[in-house]
Amino acid sequence: MAAADQHQEAQVRQAATEDGSQPEEKPSPRTPRATKKTSRKRSPKPTAHKRNYVCSVRLNDDEKTQLSAAARATRTSLPAFLARSGLAAAQDLDNTAAAIAGHRELVTELFAARRHLGQVGNNLNQIARALNTGAHPAELDAVVAAVQRAVSRVQAATDRLLEQH
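Residues numbered from 1 in each chain as written. Predicted model: local features only at pLDDT ≥ 70, side-chain atom pairs only at ≥ 80, totals over all residues. Heavy atoms only, no water.

Engineer: What am I meant to see in the overall build of the chain here?
Structural biologist: On a plain count of helices and strands, the chain comes out with five helices and zero strands. Counting from the amino terminus, helix and strand elements in the chain follow one another as α-α-α-α-α. When burial is assessed residue by residue, the chain has 11% of its 165 residues classed as buried. Within the chain, contacts between residues separated by at least 24 positions form 44% of all contacts whose residues are at least 6 apart in sequence. (Helix = DSSP H or I, 4+ residues; strand = E, 2+ residues; numbered from the N terminus. Buried < 20%, exposed > 50% of the residue type's maximum accessible area, 1.4 Å probe, protein only. Contact = heavy atoms within 4.5 Å.)

Right under this line is the structure:
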């Protein structure tokens with residue numbers, strides 16, 4: 001009987017230290033919650049419209065910020081916005097292809113203008129070196145004209161790019 005008392009005493013001490021119920025008290029029976037009649041879940045999409053495939057897209061910080069803002073403006077999630085805008089572009093391939101071709105043309109033009117400016121810059125350095133020694137190079141007028149053409153070329157490409165956006 002002493003062992004039973006020790007055991008019971010340990011239970012009383014444990015319950016008192018853990019703020020639990022005393023062994024003499026019996027727990028009250030649980031009452032089940034009333035089930036809600038309306039579900040908070042969205043109704044499932046029909047199987048024909050359900051999206052089964054996942055595509056990963058890598059974005060830099062600026063792209064993600066811009067796309068997230070556009071998704072918020074249309075009150076959709078970013079993945080839904082990307083899917084809808086991609087599908088819209090795919091449904092109008094002529095317009096999309098023209099826009100992509102226009103961007104490629106502009107990028108090609110800007111790279112060509114950059115190469116041209118590099119070459120003209122090299123010529124300017126040679127002329128500056130000659131002028132510093134007191135000489136007057138014959139190519140001076142031609143190089144200045146090339147600089148003006150390169151600047152005009154970059155300005156025209158920049159203007160076309162700005163018109164598209």
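Engineer: Sorry, what's going on with unusual backbone geometry here?
Structural biologist: Working note: non-glycine residues mostly have negative phi, and peptide bonds are mostly trans. The backbone phi angle of Arg 75 is positive, close to 55 degrees, even though this residue is not glycine. Tracing the backbone through its elements, the reader meets Arg 75 in the loop between helix H2 (61-73) and helix H3 (78-91). The exposure class assigned to Arg 75 is exposed, which follows from its relative accessible area of 78%.

Engineer: Would you take a moment to explain the pattern of salt bridges for this structure?
Structural biologist: Think of it this way: side chains of opposite charge can pair up when their charged atoms draw near. The full count for this structure, using the stated rule, is one salt bridge. The salt bridge partner of Glu 109 is Arg 153, with a shortest N-O separation of 2.6 Å. Here Glu 109, found in helix H4 (residues 93-132), pairs with Arg 153, found in helix H5 (residues 140-164); they are 44 residues apart in sequence, far enough to count as distant. Under the relative-accessibility criterion, Glu 109 is labelled partly exposed at 22%. Look at Arg 153 and you get partly exposed, because its relative accessible area is 31%. (Salt bridge = Lys/Arg side-chain N within 4 Å of Asp/Glu carboxyl O.)

Engineer: Please explain the layout of surface pockets as it appears in this structure.
Structural biologist: Over the atoms, a rolling probe the size of a water molecule traces out where space has been left empty. Its boundaries defined by the atoms lining it, the largest pocket holds a volume of some 340 Å³. Lining the largest pocket, in full, are Arg 51, Tyr 53, Val 54, Cys 55, Pro 79, Ala 80, Leu 82, Ala 83, Gly 86 and Leu 87. Residues of the lining of the largest pocket, tallied by class, amount to eight nonpolar, one polar and one charged. (1 Å grid on protein atoms, 1.4 Å probe; cavity = no way out; pocket = protein on both sides within 12 Å on 5 of 7 lines; lining within 4 Å. Points joined across faces, edges and corners; volume = space filled by probe spheres on them. Nonpolar A, V, L, I, M, F, W, Y, C, P; charged D, E, K, R; others polar.)

Engineer: Honestly, the environment of Ile 127 in this entry has me stumped. Any pointers?
Structural biologist: Mapped onto the secondary structure, Ile 127 falls in helix H4. Spatially, the C-alpha atoms of Ile 127 and Pro 137 are 6.6 Å apart, while their sequence positions differ by ten residues. Excluding anything up to four places from it in sequence, Ile 127 contacts Pro 137, Glu 139, Leu 140 and Val 143.

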